[in-house]
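Residue-level listing of the chains:
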Amino acid sequence: MSATENPAVPDDLLEPSASADPYPALHELRAADPVHWSEKHRAWLLTRYDDVSAAFQNKAFSSDRVRPLLAARAERPDQPEATTAVLGLMASWMVVSDPPAHTRLRKLAAGAFKGQGIARMDGMITRIVDEHIDGFLRGSGAQDLIEHIAYPLPTTVIATMLGAAPEDRDRFREWSDELALVAFGAGGTARAERHERALRGLREMDSYIRELIAKRRTDPGEDMLSALMAHDGDADHLSDDELVAMCALLLFAGHETTTNSIANSLLALLRRPDQLDRLRREPELIGPAVEELLRFDGPIKVLIRWVVAETAVGGRTISPGERVHLVLAAANRDPAKFTDPDSLDLGRAPNPHLAFGKGIHACIGAQLARMETRIAVSRILARLPELALAGDPQWKPSLASRAMETLPVTHGAGRTS
Ligand code: HEM
């Protein structure tokens, strides 16, 4: 590609200032070169809403990105066992599969989600949120809202849904962290160590879920694992390996994202007292408010696709073998789609944001994620009327997610109920 075709715009999405606030640079990139080849990321960066939205339907863009890595490793027997084991688990995840493999997995998972009756889970989620707020209220001074509330909630919910015993739920959190270390973690010298940790966690999780499967086979319950196993006699039923991988995916996909959805939402509100007061005065606004908070600073910044057929986007030719980054954070702030996109307007309607993706891979846990975010934000605002920021948050240097390390806050006195 020649320099004239590829304008020199800042495109390092991992730079510290871009991690802290990616939006000014993304506006610049979208305005100067909306379909941009980045040498830094070795990928095309798509930043316009219409291009990102269309990309979800474009069959030239494949999600099948773990299987090729696994196949390449087979040629290189010197690779660490840990990495291969982690990739082996991830290879059958629907999120990194194309049809027809994806279609089969998605159908089975969608059936299990439906059977859970997410709409009836508000009581269970409210109870979990309130327990964590109680714990937070027992502390004083500056405390991390992520550690106390946003982080433990999603794994507790998913472990409960999968039918794990209450005393085992904390272990799900550790396993999810270990998987995240491999998927998003540090490189360099930390690499071998993190893969070893992940392998240990993976083995523990594997045997725990297999024991749960054995129990459910003789004694099925109302839980999601039992629902996933209900097809045992059917031709397209999930093998035990696939069941383990599916549980790991649900845990992994629903954890960091929901934690960051809650944390980013509270940060956005605490930084905008007018909108915070508005939500306190009009709590019934919580539905559209959560949509706007997901648009404004959603937990997923970038989704990755591999190109499997030549395709044109915005006058650029994108070739097989290249990589494409769908920059959701840019699409959701595109002024061509959203009026005054950098303003948080809790009543914004319509709000066709792309925080949950679109098309065949659109988030299968979106209803649950929305409910968890709604309940967490509502209960925190209702029970912590003096909640205030106690310092600037530190953002993780991540390409894929928009995630804070900590969110230091004080709660004043708070309410016990
Ligand atoms: C606010 C929180 C969440 C956000 C922003 C989010 C976002 C997304 C996005 C953007 C995708 C599309 C990925 C792609 O196209 O490559 C996705 C897929 C997925 N999400 Fe979520 N998610 C959230 C919470 C959850 C929860 C709570 C669960 C389950 C418990 C979950 C399970 C999944 C699964 C299994 C997929 C793959 C679907 C498929 O490939 O067909 N997510 N999510």
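What you see is a predicted model; the values in this text were computed from it and never measured.

Let us now look at the overall build of the chain. The secondary structure content of the chain amounts to 17 helices and 12 strands. Taking 2.2 N^0.38 as the reference for a compact globule, 417 residues should give roughly 22 Å; the C-alpha atoms of the chain span a radius of gyration of 22 Å, in line with that estimate. Projected onto the principal axes, the alpha-carbon positions of the chain cover approximately 65 × 55 × 40 Å. Taken across its 417 residues, the chain has 52% of its residues classed as buried. Sequence separation of 24 or more characterises 72% of the internal contacts of the chain that already satisfy a separation of 6 or more. Entry remark: accessible area of the chain is about 18,300 Å², with carbon and sulfur atoms responsible for 53%. Of the charged side chains in the chain, 49 are positive and 59 negative, and the gap between their average positions amounts to 2 Å.

A few words on the environment of glycine 391. Within the secondary structure, glycine 391 sits in the loop between β9 (388–389) and β10 (394–395). Spatially, the C-alpha atoms of glycine 391 and arginine 200 are 36 Å apart, while their sequence positions differ by 191 residues.

What follows deals with the coordination of the iron atom of the ligand. Among all protein atoms, only Cys363 (SG) binds the iron atom of the ligand, sitting 2.3 Å from it. Of note, cysteine 363 is situated in the loop between α16 (328–331) and α17 (366–383).

With that out of the way, let us pick up the sheet that holds strand β12 (residues 408–410). The strand order across the open sheet formed by three strands is β4-β12-β9, and the pairing between neighbours is antiparallel. Each edge of the open sheet carries a strand with a single partner, namely β4 (143–144) and β9. In this sheet, β12 lies alongside β9 in antiparallel orientation, the contact comprising two bridges. For leucine 389, the partnering residue across the bridge sits in β12 and is valine 409.

Once that is clear, we can look at the pattern of salt bridges. Within the structure shown, the criterion is met by 24 salt bridges. Among the ionic pairs, aspartate 345 bridges to arginine 278, the shortest N-O distance being 3.3 Å. Of this pair, aspartate 345 sits in the loop between α16 and α17 while arginine 278 sits in helix α14 (residues 273–281), and the two are 67 residues apart along the sequence. Its relative accessible area of 31% is what places aspartate 345 among the partly exposed residues. A relative accessible area of 21% means that arginine 278 is categorised as partly exposed. Of the charged contacts in the structure, one is a salt bridge between aspartate 342 and arginine 333, with a shortest N-O distance of 2.8 Å. Look at the salt bridges and you will find they share partners, linking Asp130, Asp134, Arg379 and Arg383 into a network.

Right, let's talk about empty space enclosed by the protein for a bit. Scanning all chains against the criterion turns up two cavities of 30 Å³ or more. Size it by volume and the largest cavity reaches roughly 40 Å³. If you trace the largest cavity, you find it lined by Ser92, Trp93, Met94, Leu105, Glu242, Ala245, Met246 and Leu249. Looking at the lining of the largest cavity element by element, the count peaks at four residues for helix α13 (residues 240–270). Per-class residue counts for the lining of the largest cavity are six nonpolar, one polar and one charged. The calculated volume of the second largest cavity comes to roughly 30 Å³. Forming the walls of the second largest cavity are Tyr23, Leu294, Arg295, Gly298, Ile300, Ala329 and Asn332.

Scoring rules and cut-offs
- Residues numbered from 1 in each chain as written.
- Predicted model: local features only at pLDDT ≥ 70, side-chain atom pairs only at ≥ 80, totals over all residues.
- Heavy atoms only, no water.
- Helix = DSSP H or I, 4+ residues; strand = E, 2+ residues; numbered from the N terminus.
- Rg over C-alpha atoms; globule rule 2.2 N^0.38 Å.
- Buried < 20%, exposed > 50% of the residue type's maximum accessible area, 1.4 Å probe, protein only.
- Contact = heavy atoms within 4.5 Å.
- Areas by Shrake-Rupley, 256 points an atom, 1.4 Å probe, with all protein chains shown as cover.
- Lys, Arg positive; Asp, Glu negative; His and termini not counted.
- Charge placed at Lys NZ, Arg CZ, Asp CG, Glu CD.
- Donors = N, O, S within 2.8 Å, 3.2 Å for Na, K, Ca; no water.
- Pairing = 2+ DSSP bridges.
- Salt bridge = Lys/Arg side-chain N within 4 Å of Asp/Glu carboxyl O.
- 1 Å grid on protein atoms, 1.4 Å probe; cavity = no way out; pocket = protein on both sides within 12 Å on 5 of 7 lines; lining within 4 Å.
- Points joined across faces, edges and corners; volume = space filled by probe spheres on them.
- Nonpolar A, V, L, I, M, F, W, Y, C, P; charged D, E, K, R; others polar.

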